[in-house]
Structure formats: structure tokens, C-alpha cells
Amino acid sequence: MNEHGGRPGRAPGRALVGAVGRDPSGDPGRPARRGRPGPPVLPGDDPASIAIAADRLRAGGLVVFPTETVYGLGANALDARAVARIFAAKDRPAFDPLIVHLADASAVGTYATEEDAGDPRVARLAARFWPGPLTLVLRKRAIIPGIVTAGLGTVGLRVPDHPVARALIRAAGVPLAAPSANRFGHLSPTRAAHVVAGLGARVDLVLDGGPCSVGVESTVILLAAGRAALLRPGGLALEAIEAEIGPLEILDDGAPGTAELAPGRTGAHYAPRVPLRIADPRDPGAAPVFVVAPGERVGLLAASQAGRELAEAAGGPFMATEVLDGDGDLVGAAARLFDALHALQEAGVARIIAEPVPEVGLGRAVMDRLRRAARDVPAGQ
Ligand code: TXA
Ligand code: MG
């Protein structure tokens, strides 16, 4: 793993598979799902697409764009009406603040207070990890509308590491407020086809940049007013951040003050449409979870090939199986997590059993997303 917690050598397949006005899921003749008209999908590597998308953004429109983590649902962050459309398109509660995406770190001082923008830890992290999967929450300037930050005095800032995202922000000439491009509480999208299936015509345009290389959302840390706290584990390993600026406070869900500092952490998040249960096939006590009744449609999310074999020995047969990374590599597991969950969901399983991964490096983000996905499961299921 490199210091970004990312793959050495960058993205697997940044191949651009966009196609104008059709379902990008593979079959050119296939109509958009369930008869809903889909949004136009343009290839992100074409400068003409960037120009069209930038015009849409300046006119107050919603444009979905690829980042290295997940696809973002973007609007001009300085236009409160455009940002309000993001909340409507996602069915997102207004208490959940949005991340503002910048083309480069030099813009931080325009949107964060002088004191926070001048914090030497910000300069250190920006120099080391931007562009990349790191969001810094700093005290905001008045130019950022309150709707972006859900009324908080802080704003999350990030410089994404994707050529399409950066070209788009530059061409638009404005910072982009962008949550993950999924309906609230659903799985984050790591391919344009996920966006089309989830949001359809609720957005004006989708830029296709191929599959996302990191595959889980950015790591969010609070650096306001001298504090240093992890608000969300993500695509940059905690260890890499701590190596630069020292230990971070780790906030626990439910602890006093956590909801105020990290409002997005309440409730079920990142959830597939079917119940998910975390169970370790190495744990003899968990063996009953792997037992599949005749006719039951169970999906297995194995962390490694070894986990798959153990789960199959403990139970099954599974209707569909996804292995996050053959060797159990945590960077590879993070990169495939949402893709694999989407695939199990599409296979029609009625429940998912997920093998846990060690909570180090990007394993922390994988376990955080799995636990949130598992929250909806009624006791005993
Ligand atoms: O990788 C990512 O971060 C992706 C891509 C599109 O950049 N974006 C993303 O956004 O995951 P979203 O909205 O799905 O999650 C943003 C998280 C939320 O949990 C939100 O609560 C937190 O960041 N956040 C944003 N601004 C914050 C603030 N001012 N204070 C505390 N938390 C904040
Ligand atoms: Mg999200």
C-alpha cells in the first residue's frame, strides 16, 4: 500500500465507457430501467463534455461526475438554490452537510477562515495527500451558503484525484458541492451505471469516467479550532494521516457531541436493499449464520478466497458470491466493496452474509460501511 492507502500505479481501468443518452450498463439497445427516462451520459474524457457540464453547473444544474472515491452529485457550491436541488434529488435530510470540491489547495483560504486555512497541519496534509481521498472540515467563511453545511459553522473541503473532476471544477470556475451520487441511505455508486439506475432523470447530466479506483468515500477529519478528530474513516488510511500530524481523536457513534460534529453518521447508511449480517467463517459460534435453508436466496460477500472456502464449508449453497480481493488485500477490498454489494443486490439475493476484515488501513473504512449496512437488520436475523 502506498501512503495514500491507494493502489500503487493508480486506477485499474480508467477506460471511459460513456455513451450519449443510453443506459451505460452494456447493452446499447437496452432502455433505461423500469421505463424511466435516464439522464444524458457523456464520456468524461472528452473536452466537449466538460464544457457542456460546466455550463450546466453555472446555470444551476446538477451534474454527476467521477472522483477517485465514488461518483459525486455536483452543483455550484456558491448557489444555494442549486444546492437545494441536490438534497431534493437524493431525498437527503437537510441536517447532513455536503463536501465542497476544489480544483486545488490554493482555494482553501477562500472558503475557510484565515485561522483554520493557515493551520500548519492543513498545509502539511494538503501537500501530502491532495489531490486525494481526504476531506478537511474547517471553520467556514460566509461565502459558503448555510445550506451546504447544514447550518454548521464548518465546511468540508476536498481536492479530488480524478482528471475529470478536476477539469470540471476548473471549467465551471466554481467550487462544487457534491455528496455521493446515490439516494440517501443507499449504496454509493462506483460506476456511471449505478448512478443511472439509482437517480435516473433526477440529475441533468452524468459524466462517465469508468469505475472509481479507491471505491470508498474520502476520510473526513475535523481540524477546526485546534482540534483533530476522525469523523469518517475512508479511502485514506488513518495511519497515514497520523504519521503526518500525530494522533487523532476517534469519535464513537452515540458518544456525547458526536452527532453535532458529524451529523452524517446517524442512522443506517450505505445500505443495500436487503439485510446484511457480518459473520466470520473462522468463528465456530457463527456457523449457524452460514446455513442456507432450501430455496433461500443468500449472497456471500467474502473478503478473500480463503474466506469464501471457509464459508462454503460452514454452509451454503450461496445464490451469488462476491470475493472482495482474492488475497485479502485491504486496498483491493475497499476498491470493490460497493461494486460487490451492488452486484449481490442485482443478483436478487434476499440476504447477505459479509466476512469481516481486519480494522487497519482501509479495513477501517470497509468495516465502518459494513456495520452501517448491517444496522437495519432486526435482532436475531
Ligand atoms: O469521497 C467522498 O467524500 C465523496 C465524493 C463525491 O467526494 N463524497 C461523499 O459525500 O461521500 P457524502 O455527502 O455522501 O458524505 C459526506 C460526509 C457526510 O457524512 C457529512 O456529514 C460529512 O461528510 N461532512 C461534510 N461536511 C461536514 C461538516 N462541516 N462537519 C461534519 N461533517 C461533515
Ligand atoms: Mg454518501
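Predicted model only: the values in this text are computed from it and were never measured.

What counts, and at which threshold
- Residues numbered from 1 in each chain as written.
- Chains lettered and ligands numbered in written order.
- Predicted model: local features only at pLDDT ≥ 70, side-chain atom pairs only at ≥ 80, totals over all residues.
- Heavy atoms only, no water.
- Helix = DSSP H or I, 4+ residues; strand = E, 2+ residues; numbered from the N terminus.
- Near = heavy atom within 4 Å.
- Polar contact = N/O pair within 3.5 Å; in protein donor to acceptor, adjacent residues only side chain to side chain.
- Nonpolar A, V, L, I, M, F, W, Y, C, P; charged D, E, K, R; others polar.
- Axes fitted to C-alpha atoms, helices over the stretch in contact; angles between N-to-C directions.
- Parallel < 35°, antiparallel > 145°, perpendicular 65-115°, else oblique.
- Left-handed = near helix turned anticlockwise from the far one by under 90°.
- Contact = heavy atoms within 4.5 Å.

**Brief notes about unusual backbone geometry**
Negative phi characterises most residues that are not glycine, and trans characterises most peptide bonds.
Stage number 1. Cis geometry is found at the peptide bond from tryptophan 130 to proline 131, where omega equals -5°.
Stage number 2. Within the secondary structure layout, proline 131 lies in the loop between α5 (120-129) and β5 (134-139).
Stage number 3. Between glycine 316 and the following residue, proline 317, the backbone shows a cis peptide bond with an omega angle of 0°.
Stage number 4. When you line up the elements, proline 317 lands in the loop between α10 (305-314) and β14 (320-323).
Stage number 5. A positive phi angle, near 55°, is found at aspartate 91, a position not held by glycine.
Stage number 6. Relative to the assigned elements, aspartate 91 resides in the loop between α2 (80-90) and β4 (99-101).
Stage number 7. Although it is not a glycine, alanine 150 sits at a positive phi angle of roughly 55°.
Stage number 8. With respect to the secondary-structure elements, alanine 150 resides in the loop between β5 and β6 (154-158).

**Details of the site of ligand 1**
Stage number 1. Inspection of the region around ligand 1 gives 26 residues, with Thr69, Arg92, His101, Ser218 and Arg232 positioned closest.
Stage number 2. For ligand 1, an oxygen atom lies 2.9 Å from a polar atom in the side chain of aspartate 96.
Stage number 3. Take threonine 154: an N or O atom from its side chain is 3.0 Å from a nitrogen atom of ligand 1.
Stage number 4. Where the shell around ligand 1 is concerned, the elements lending two or more residues are β4, β6 and β10 (229-232).
Stage number 5. The dominant element in the shell around ligand 1, judged by the number of residues it contributes, is β6, at four residues.
Stage number 6. A class-by-class count of the residues in the shell around ligand 1 yields 13 nonpolar, eight polar and five charged.

**Regarding the packing of helix α1 (residues 47-58) against helix α6 (residues 163-172)**
Stage number 1. For the pair α1 and α6, interaxial distance at closest approach is 9 Å and the crossing angle is 55°. As far as their axial angle goes, α6 and α1 are oblique. Here α1 and α6 pass one another in a crossing that is right-handed. Along its contact with α1, which presents Ile50, Ala53, Ala54, Leu57 and Arg58, the element α6 presents Val164, Ala167, Leu168, Ala171 and Ala172.
Stage number 2. The class makeup of the residues in the contact of α1 with α6 is nine nonpolar, no polar and one charged.

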